[in-house]
Protein chains: 4
Amino acid sequence: MPLTLDALNTAPTEAFVASLGAIFEHAPWVAEAAADRRPFGSVEALFEAMREAVVAAPEARRLALLQGHPELAGRSARDGTIAAASIAEQAAAGLDRLSEGEYARFATLNAAYVKKFGFPFILCIKRHGRASLLWQFEARLTSDAARERQTAETEVFRIAAIRLDALVAGEGGLRVTGRLSTHVLDTVTGRPAAGVAVELAELVGPDESVIVARAVTNADGRTDAPLIGGRPVPIAAYELRFHIGEHFRRGGLALPEPAFLDMVPIRFGVAEPEGHYHVPLVASPWSYQTYRGS
Amino acid sequence: MPLTLDALNTAPTEAFVASLGAIFEHAPWVAEAAADRRPFGSVEALFEAMREAVVAAPEARRLALLQGHPELAGRSARDGTIAAASIAEQAAAGLDRLSEGEYARFATLNAAYVKKFGFPFILCIKRHGRASLLWQFEARLTSDAARERQTAETEVFRIAAIRLDALVAGEGGLRVTGRLSTHVLDTVTGRPAAGVAVELAELVGPDESVIVARAVTNADGRTDAPLIGGRPVPIAAYELRFHIGEHFRRGGLALPEPAFLDMVPIRFGVAEPEGHYHVPLVASPWSYQTYRGS
Amino acid sequence: MPLTLDALNTAPTEAFVASLGAIFEHAPWVAEAAADRRPFGSVEALFEAMREAVVAAPEARRLALLQGHPELAGRSARDGTIAAASIAEQAAAGLDRLSEGEYARFATLNAAYVKKFGFPFILCIKRHGRASLLWQFEARLTSDAARERQTAETEVFRIAAIRLDALVAGEGGLRVTGRLSTHVLDTVTGRPAAGVAVELAELVGPDESVIVARAVTNADGRTDAPLIGGRPVPIAAYELRFHIGEHFRRGGLALPEPAFLDMVPIRFGVAEPEGHYHVPLVASPWSYQTYRGS
Amino acid sequence: MPLTLDALNTAPTEAFVASLGAIFEHAPWVAEAAADRRPFGSVEALFEAMREAVVAAPEARRLALLQGHPELAGRSARDGTIAAASIAEQAAAGLDRLSEGEYARFATLNAAYVKKFGFPFILCIKRHGRASLLWQFEARLTSDAARERQTAETEVFRIAAIRLDALVAGEGGLRVTGRLSTHVLDTVTGRPAAGVAVELAELVGPDESVIVARAVTNADGRTDAPLIGGRPVPIAAYELRFHIGEHFRRGGLALPEPAFLDMVPIRFGVAEPEGHYHVPLVASPWSYQTYRGS
């Protein structure tokens with residue numbers, strides 16, 4: 001159950017820090033500094049106070065904040081010695097199920113990164129699919145120290161914002177979630193296509209994909225819930241798979257064997273994790289269209 | 001170089017039979033019978049005469065015609081003891097490159113079929129992709145003798161028609177070829193999309209595909225030659241893959257990374273090998289449409 | 001301000017009849033009969049009670065109910081001697097602004113209809129555009145007495161349902177309203193097209209149209225309110241006119257003069273006044289698509 | 001019957017000038033000058049020689065060439081005292097069928113133009129629809145002398161090129177013609193839509209249009225000839241009108257009354273008279289798409 005802003009505004013400092021101490025990894029001092037600036041009129045104002053506390057902190061403390069983050073796919077995640085939120089985040093990204101070869105790859109990258117920059121590679125992994133995550137790691141290894149320091153801090157703020165948004169109820173929230181939705185229209189009947197099985201796959205490698213959502217369209221041709229919602233849409237390439245041939249056969253249309261359209265794949269990339277990706281399918285047995293809708 | 005109808009009409013019977021004796025597998029008697037009905041005004045008329053010769057033949061001869069056909073993917077194809085045309089046809093269908101497991105599967109089916117019907121399984125393999133071929137084999141094994149006898153003869157005529165059509169030049173021909181073509185339109189500029197790399201894959205299994213054509217679109221957004229042409233389009237599921245992201249980037253459009261559309265796959269089934277399948281892509285960086293065109 | 005069901009359920013009979021006496025034209029007896037069946041759990045139950053009161057009434061009363069309706073575009077509408085609701089309904093349909101020739105046409109039809117059937121032509125005019133209204137009039141004149149009597153009563157119930165739905169607040173209501181909405185997507189940017197001027201015209205004759213709504217799309221590419229909503233969508237042919245050329249010019253695209261697409265007209269018919277007609281425009285400067293959405 | 005380049009190359013000078021003397025209005029000296037440069041390998045080379053003769057002429061002669069052109073929609077066109085080609089060109093543009101008010105408007109513009117620039121307003125009217133022609137006239141009246149002199153000469157060359165292209169047969173020609181074509185696809189059946197009545201209207205004023213072509217689609221869903229071809233496509237706004245409702249009804253589909261789609265209007269502008277405008281309709285009873293094709 002999310003906390004309310006009211007409860008946080010009126011809680012004893014100790015309780016406030018107990019609630020928000022883990023928003024920034026191993027850094028309850030951020031919550032302590034924000035506690036003095038209460039009351040907050042919005043979650044945004046609360047987050048802004050925490051952000052300013054970090055920015056105002058002495059250099060050593062800011063560096064320690066970065067250094068306090070766990071390695072991605074590192075030993076500590078496997079050993080359970082890192083923050084609970086980090087463990088869950090890494091698990092959701094599949095980083096707890098890597099092959100030995102992949103662990104080795106991450107270990108090499110982690111070592112190179114720490115050696116070059118003096119703190120571990122920090123990425124808000126909720127915003128990245130697996131391919132993007134590796135690509136980011138390799139790209140950032142080639143960055144320079146000043147820019148990378150700034151990038152790392154930006155990612156720290158992103159991680160914190162998502163944690164805070166999930167923890168505290170508030171109108172509007174921190175706008176750190178995105179949405180991926182679809183809609184199937186049948187242009188033979190001019191009606192929504194109901195009962196169409198849909199799968200969403202994340203393309204994790206050149207020839208490898210992982211199903212991340214399954215749904216069946218309802219009477220309005222939509223899925224009851226967004227395929228991805230209430231969280232960032234990970235930066236990745238995806239494929240939506242619509243089993244539209246079955247739909248037209250059920251409607252009594254005489255289709256050839258094999259049908260011209262059976263499973264329709266729509267492949268698209270997501271670059272804005274906080275955006276709304278509406279990807280509809282407007283189809284007859286012999287034609288279809290898609291577009292980024294809203 | 002194709003023969004002309006004139007040359008065939010005026011050739012000595014012996015030469016006529018030498019030219020057309022292999023149109024029906026191991027059955028030069030069909031050409032002999034047709035030779036007497038010369039001259040022919042069209043390739044259709046010539047083929048019709050050959051067809052009628054078969055139909056008019058005594059039962060034993062008609063059965064022998066079926067029995068003279070080689071097994072699909074059988075020993076004789078590997079040993080080179082069957083008709084040259086059959087070897088080429090089987091090779092084009094990939095039947096000379098089967099795994100040991102697949103050979104075994106065919107061997108089992110062949111044995112069951114011959115045992116049930118008394119002649120080998122005959123299929124005009126130029127009209128079928130690999131999945132369809134296997135599916136046909138299994139389906140026809142469940143047929144009854146009378147219907148199967150008729151089906152087999154129909155396939156013999158199809159094989160013969162394709163061979164004759166390729167051999168003899170004639171206006172219009174026997175209409176035994178189909179066509180698979182594409183066209184890429186860029187709706188941002190309102191111009192054909194030139195220089196777009198396109199691949200055509202045949203989907204041979206649930207997760208297995210084979211590239212059967214590659215092309216790059218020309219100034220008119222088309223490929224210089226049809227992706228499949230001058231022969232039947234094998235009954236199969238296909239996927240066209242359009243590398244459209246590169247096209248828009250080359251055009252100077254600022255696309256996100258990853259782009260919403262990069263490689264666009266269009267998956268479709270072909271059920272009429274003699275049909276024209278025109279499958280265009282009408283695209284912007286954020287939308288596309290396809291349909292069966294003409 | 002709409003009445004509540006609670007207020008009607010607990011009102012003295014007199015007040016109940018005063019409130020609902022005009023739902024059926026010049027027939028407060030319908031409300032009187034329904035009053036005895038209170039309380040009602042829903043507006044549907046209330047309407048059903050009124051409908052049953054009509055059906056249970058003696059023949060003479062049912063006929064008198066039909067006869068009590070005013071002529072369409074007749075003298076009494078101009079003289080103000082008919083029910084207030086009827087005056088407003090006829091005015092909304094433009095029947096108070098007819099030319100002398102049109103009045104004469106209606107007068108002729110009215111006379112012929114009354115003579116043939118013994119009661120005036122009754123049509124729920126909120127469900128019809130001008131062309132449909134005339135077409136209905138002419139078609140129904142050719143009907144036979146029994147069928148026409150039934151049709152007329154159906155229309156009486158439709159009129160009453162719309163009046164009741166507008167008068168009494170209730171969850172869901174009587175489902176007597178429809179909706180006509182639109183949405184403009186820009187496929188060059190992959191974003192909703194904001195600021196696009198849209199007009200909705202009703203095509204009232206072969207070369208005559210009347211603008212029935214104007215709007216400008218908002219940030220989501222939609223209009224703030226449906227183009228038609230909260231009432232039936234009159235059966236008619238419509239044309240939506242999208243000023244999309246200006247939109248693309250504002251976006252900085254270099255378009256030719258004249259642009260390929262400037263004002264895009266989409267012409268469509270509405271046959272179900274209680275339906276939802278969503279008619280989007282998905283456009284680039286060189287292409288567009290529309291479909292009946294949901 | 002068009003002349004051949006060979007015939008022109010070998011004709012006596014007198015005959016050559018007799019053939020080509022009217023290419024430039026009242027200026028046979030242009031053909032005379034070109035005669036000396038024979039033989040020509042192509043129509044382009046011949047035209048280039050004529051163009052160079054004009055450019056090389058003394059100022060007085062170049063000015064006289066402009067002054068020799070008739071007024072648009074002027075007295076001389078009505079009196080028949082101008083070149084035959086000009087009469088035909090003006091008639092094709094409808095300039096011989098103006099209202100008195102329109103004649104007066106042209107008379108005023110002509111007078112103002114001649115007074116300002118010293119020669120009549122010259123426009124290659126085959127490249128312009130009626131609205132564009134008037135718009136050009138008004139715009140060019142505001143030009144300065146030097147630029148307008150150049151513009152007028154450009155138009156003289158355009159007029160000459162079209163006349164020469166029509167007169168002399170030659171491979172490729174002078175590329176002075178455009179094309180407007182269409183194609184109707186039925187996405188319910190996946191087949192071309194045959195038998196669809198199509199009209200092409202030129203929008204000559206805000207509420208005024210003139211049908212410029214009518215056709216019915218053939219078995220391939222196309223019109224037997226382009227709607228406009230073998231000449232420039234006049235710069236104008238057009239509306240294609242597709243009677244698609246009838247097509248779907250003929251196909252046995254149960255459509256509501258009125259149908260969602262009956263006559264589909266597609267409105268588009270032509271800015272390149274020498275371009276190819278392919279404007280297809282891809283339609284089901286509930287959706288359609290169009291785009292500039294190729």
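Residues numbered from 1 in each chain as written. Chains lettered and ligands numbered in written order. Predicted model: local features only at pLDDT ≥ 70, side-chain atom pairs only at ≥ 80, totals over all residues. Heavy atoms only, no water.

Colleague: Is there a simple way to think about the sheet that holds strand S8 (residues 228-231) of chain A in this case?
Modeller: Each strand in a sheet pairs with its neighbour through backbone hydrogen bonds, running either in the same direction (parallel) or in the opposite one (antiparallel). Residues and elements named next belong to chain A. Read across the open sheet, the 3 strands follow the order S8-S3-S11; overall the sheet is mixed. Among the strands making up the open sheet, the edge pair consists of S8 and strand S11 (276-278). Across this sheet, the average inter-strand angle for adjacent strands is 10°, counted without regard to direction. Summarising the sheet, strand S3 (residues 178-181) and S11 pair through 3 bridges and their orientation is parallel. (Pairing = 2+ DSSP bridges. Helix = DSSP H or I, 4+ residues; strand = E, 2+ residues; numbered from the N terminus. Axes fitted to C-alpha atoms, helices over the stretch in contact; angles between N-to-C directions.)

Colleague: Which parts of the structure should I look at to understand the domain arrangement of chain A?
Modeller: Often the size quoted for an interface is simply the accessible area lost on bringing the parts together. Residue and element names in this part refer to chain A. Domain annotation of chain A identifies domain 1 (3-169) and domain 2 (178-289). Domain 1 and domain 2 are separated by 34 Å when their C-alpha centres are compared. Contact residues are listed per partner, giving 8 residues for domain 1 and 9 residues for domain 2. Both sides together, the interface formed by domain 1 and domain 2 hides about 680 Å², and carbon and sulfur atoms give 55% of it. The tally of links from domain 1 across to domain 2 stands at 1 salt bridge. Between arginine 127 and glutamate 274 there is a salt bridge, with its nearest N and O atoms 2.8 Å apart. (Domains from an automatic or database assignment. Contact = heavy atoms within 4.5 Å. Buried area = accessible area lost by both parts, 1.4 Å probe. Salt bridge = Lys/Arg side-chain N within 4 Å of Asp/Glu carboxyl O.)

Colleague: Whenever I open this one, helix H5 (residues 59-67) of chain D confuses me. Can you help?
Modeller: Spacing of three or four residues puts side chains on the same side of an α-helix, whose turn is 3.6 residues. Residues and elements named next belong to chain D. For H5, the full list of buried residues reads Arg62, Leu65 and Leu66. End-on, the buried residues of H5 take up no more than an arc of 95°, which puts them together on one face. Elements in contact with the buried residues of H5: helix H3 (28-35), helix H4 (43-56) and helix H10 (145-167). (Buried < 20%, exposed > 50% of the residue type's maximum accessible area, 1.4 Å probe, protein only. Arc of directions from axis to C-beta.)

Colleague: I'm lost on the relation of the copies chain A and chain C in this one. Help?
Modeller: Note on the chain copies: they are related by a rotation about an axis and a translation along it. The transformation that overlays chain A on chain C combines an axial shift of 0.1 Å with a rotation of 180°, and the residual RMSD is 0.1 Å. Here the two chains are linked by the operation of a two-fold rotation axis. Rotation axis and chain A: the residue whose C-alpha lies nearest the axis is glutamine 289 of chain A, separated from it by 4.5 Å. When the interface residues of chain A are mapped onto chain C, 100% of them again fall at the interface, so both copies present the same face. (Least-squares fit on C-alpha atoms with pLDDT ≥ 70 in both.)

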